Structure formats: structure tokens, C-alpha cells
Amino acid sequence: MILKIHIEKTFDQIIENWLNQLRKGILELAILSHIDKKGVKTYGYELIKNLKKENIKVESNTIYPILRRLEKFDLIDSIWKTKDNHPRKFFKITVKGKKILAKLKNEWIRFSKNINKFIIKEE
Amino acid sequence: MNDESEILIERYLKKIKKSLKGHPKKEIEDRIKTIKAHICDAIQDQKENLSELEIIKNTIEDLEVPYIKILTKDKLISFSVSIFVLSVLLLSNLFETLPILLNSSKIPLFLIAIESIMLCLIIVDLFLTFLILSFPNKTKRFRILTFIQISITLTIALIFTIIIGTLKIMGIN
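All figures in this text were calculated on a predicted structure; none of them were measured in a lab.

Thresholds applied
- Residues numbered from 1 in each chain as written.
- Chains lettered and ligands numbered in written order.
- Predicted model: local features only at pLDDT ≥ 70, side-chain atom pairs only at ≥ 80, totals over all residues.
- Helix = DSSP H or I, 4+ residues; strand = E, 2+ residues; numbered from the N terminus.
- Buried ≥ 20, exposed ≤ 12 C-beta atoms within 10 Å, placed from the backbone.
- Contact = placed C-beta atoms within 7 Å.
- Nonpolar A, V, L, I, M, F, W, Y, C, P; charged D, E, K, R; others polar.
- pLDDT = per-residue confidence, 0-100.
- Pairing = 2+ DSSP bridges.
- Core = buried A, V, L, I, M, F, W, Y, C linked by C-beta atoms within 7 Å.
- Expected span 1.5 Å × (residues − 1).
- Bend = angle between axes of the 7 residues up to and from the residue.
- Axes fitted to C-alpha atoms, helices over the stretch in contact; angles between N-to-C directions.
- Parallel < 35°, antiparallel > 145°, perpendicular 65-115°, else oblique.
- Left-handed = near helix turned anticlockwise from the far one by under 90°.

(A) Region of interest: the overall build of chain A. Of regular secondary structure, chain A possesses 4 helices and 3 strands. In sequence order, chain A lays out its α and β elements as α-β-α-α-β-β-α. Taking all 123 residues of chain A together, the buried fraction comes to 17%.

Structural data, given as C-alpha cells:
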């Protein structure tokens, strides 16, 4: 019984680890795409909420390092704005970010298409 | 915000600041401000369902303290090598070269002066070696300190060679 629970746990862990790895790689594209889709500036908390609404699991401790990285590469811009005594850091996609996003989208579509084709063929 | 909430946030921000030791001041301020803004947003968003304290606890749990690897294998190896070399240099200078320099009447004054400079540099270098150990890797301050430490070590080696060379030329052992 204990062994069965342990095996099931390991099984779940393998799936969870795999999903985490997959998410890590694709999250930058999702975030960049969302900031671009929004058109207007968006802030960290709102971004997390919106991504969760789209069923994209994202944690607060993951999103901020990604936003910092995107900003470091000049793919997004940030500005501090204060409303009702509450400052917020708003992000907006840059021209360079838009160009990179278009390429990343194409790469993702091509990659996922190939994987899907491969998986179906294997079955 | 009540006192308990404020204490909780302050304690968390202190941990963040500690984990960001060695990062530029501007970056630390920005990170702290971002965290504060995130917590405020969470309170505003969830205040109808949870108490303020619970929201803060959950948000802090979600955010976590960023883990910065301070001690790496490479860093420990270079630290051990530096400490070993500097200790050997310090001891050999204090118990061998310095007594020779002080006891011999033929020794020029400049040699004693550069010996004193070298001893000071060794102590500064030892201090820097320990200081570097406490800085997170890949930060600007860490790189600058490592560069200074390596430069001082090379200077010490050069001075040591000059002293030993001069003593040999003068025929003092």
C-alpha cells in the first residue's frame, strides 16, 4: 500500500516536473505576448491574474525575474506610476520586443506543429 | 495597515535586502518597491475574501526570498588557495625575511619600507578574501573586489620577488 502511494507520488512528480520545465521555457513568450496583446501598459500583479485567467499557471516568484530579464534585454520598458498613493511598475513592449515576439511566435508554432505531427505519427 | 502586518512585511523586506547584498542600490530599491506594490495589489484584490494578515502571509509565501548562491565550489577552492598562499607569505615574511632585514646593518632603508608595504598589502588582501566570500557571485561588487584582490596578490608576489632577489644579490640569506 505504502509502496503504491510512493509510486503514484513519483508518477505525479514526474509529470509535474515535466510540466514545470515546459512552462519555464514558454513563459517568456506567454508574458511577452500578453503584454503585447494588452496594448496598454500592465503591471506585475495584473499580469499574473490575467495569465491565470487564461489557464497559464504562473507564480509570483517566477514572473518578476522574467520581467527583469525581458527589461534587461530591452524587450519591454517599465515606468513607475502612482495612483491613490499606490505606486505600480507598468510594463510595455518595445519595438525590439515586438520583433522578437513575432519571431518567437513563428518558432513556437513551427516547433509545436512538428512535435504534434511526430507524436501522432508515433501512435 | 496594522502593526502585525507591517512587522511581517518589514521582516520579509529585510530578508530580501540581505539576499541582494552586493547588487546596485538602485536595483535593490526597485525590487523592494516592486514587492511593496505587489503586496498592496494583493491586499486590494483579495481583501473581501481574506484578512489583511492572511493575504500578506500568502503573498510573501508566493514571492519567496530569491535564492542567491553565495558559496560555490569554485569560490571555495579559490578562497582556500588564497588563504593558504597569503598565510604562507605572511608567516615567512614575519618570521624569516623581516628578522633578516631588521638585524642586518647592510640593508638599505627602501627594502624595509617595501617589506612593510608588503605586510600591509597581505593583511588587506586577507581581509578582501574574506569579504569576497560574503558577496553573491556575478554581482558588480563581487567582480570589482575579485579584480582588486588578484591585483594585490600579484603586487605582493612582485614585491616578494624583488626583496628575495635583492637579498640574494647582496649575499644575505
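(B) How the structure looks around the interface of chain B and chain A. Of the residues lining the interface, 10 residues belong to chain B; the matching set on chain A comes to 10 residues. Top element by residues in the side of chain B that touches chain A is helix α2 (residues 25–46) of chain B. It accounts for 7 residues. The class makeup of the residues in the side of chain B that touches chain A is 4 nonpolar, 2 polar and 4 charged.

(C) The confidence of the model for chain B, seen in detail. All names here are of chain B. Looking at chain B, the pLDDT average stands at 84 and 95% of residues meet or exceed 70. Confidence scores differ between elements of chain B, with helix α4 (residues 73–103) showing the lowest mean pLDDT of 84 and α2 the highest of 90. The ipTM for the predicted assembly is 0.79, set against a pTM of 0.62.

(D) A look at the sheet that holds strand β3 (residues 86–93) of chain A. Residues and elements named next belong to chain A. Spatial strand order, β1-β3-β2: 3 strands in an open sheet with antiparallel pairing. Each edge of the open sheet is held by one strand with a lone partner, namely β1 (42–43) and β2 (76–83). Taken together, the 8 bridges between β2 and β3 define a ladder with antiparallel strand orientation. Its bridge partner being in β3, Ser78 is matched across the sheet by Phe91.

(E) Here's a closer look at the nonpolar core. By size, the foremost hydrophobic cluster in this structure holds 23 residues, and its most contacted members are A:Ile31, A:Leu32, A:Ile35, A:Ile63, A:Leu67, A:Leu70 and A:Ile76. For this core, the elements supplying multiple residues, two or more each, are α1 (2–38), α2 (44–53), α3 (60–72) and β3 of chain A together with α2 and α3 (52–63) of chain B. Per-element tally for this core: the top contributor is α3(A), with 4 residues. Filtering out sequence-adjacent residues up to four positions away, A:Ile35 remains in contact with A:Thr42, A:Ile76, A:Phe91, A:Lys92 and A:Ile93.

(F) Examining α4(B) more closely. Residue and element names in this part refer to chain B. Taking 1.5 Å as the rise per residue, α4 with 31 residues should run 45 Å; its terminal C-alpha atoms sit 44 Å apart, in good agreement. Of all the bends in α4, the largest measures some 45 degrees and sits at Asn93. Those residues of α4 not exposed but buried are Ser82, Leu86, Leu89 and Asn93. Packed against the buried residues of α4 are α5 (109–133) and α6 (140–169).

(G) The confidence of the model for chain A, seen in detail. Looking at chain A, pLDDT values average 86 and 89% of them are 70 or higher. Mean pLDDT values over the elements of chain A span from 80, in α1(A), up to 91, in helix α4 (residues 95–122) of chain A.

(H) Examining unusual backbone geometry more closely. Residue and element names in this part refer to chain A. Despite not being glycine, Asn55 has its phi angle at roughly 65 degrees, a positive value. By the secondary structure assignment, Asn55 is in the loop between α2 and α3. Phi is positive for Asp74, close to 60 degrees, though the residue is something other than glycine. Locating Asp74 in the fold gives a position in the loop between α3 and β2. For Asp74, a count of 12 C-beta atoms within 10 Å corresponds to the exposed category.

(I) Structural context of the packing of α4(B) against α5(B). All names here are of chain B. Two numbers describe how α4 lies on α5: the axes approach to 10 Å, and their chain directions differ by 160 degrees. Classified by the angle their axes make, α4 and α5 are roughly antiparallel. Where α4 crosses over α5, the handedness of that crossing is left-handed. Here Phe79, Ser82, Ile83, Leu86, Leu89, Leu90, Asn93, Thr97, Leu98 and Leu101 of α4 lie close against α5, whose contacting residues are Leu111, Ile112, Glu115, Met118, Leu119, Ile122, Asp125, Leu126, Thr129 and Leu133.

(J) Structural detail: the environment of B:Glu10. Within the secondary structure layout, B:Glu10 lies in helix α1 (residues 3–19). A tally of 10 C-beta atoms within 10 Å means that B:Glu10 is categorised as exposed.

(K) Expanded view of the packing of α5(B) against α6(B). All names here are of chain B. Orientation of α5 relative to α6, taken along the N-to-C sense of each, is 150 degrees, at an axis distance of 9 Å. If you check the angle between α5 and α6, you find them roughly antiparallel. The two elements α5 and α6 cross, and the hand of that crossing is left-handed. Tallied by class, the residues present in the contact of α5 with α6 amount to 19 nonpolar, 6 polar and 2 charged.

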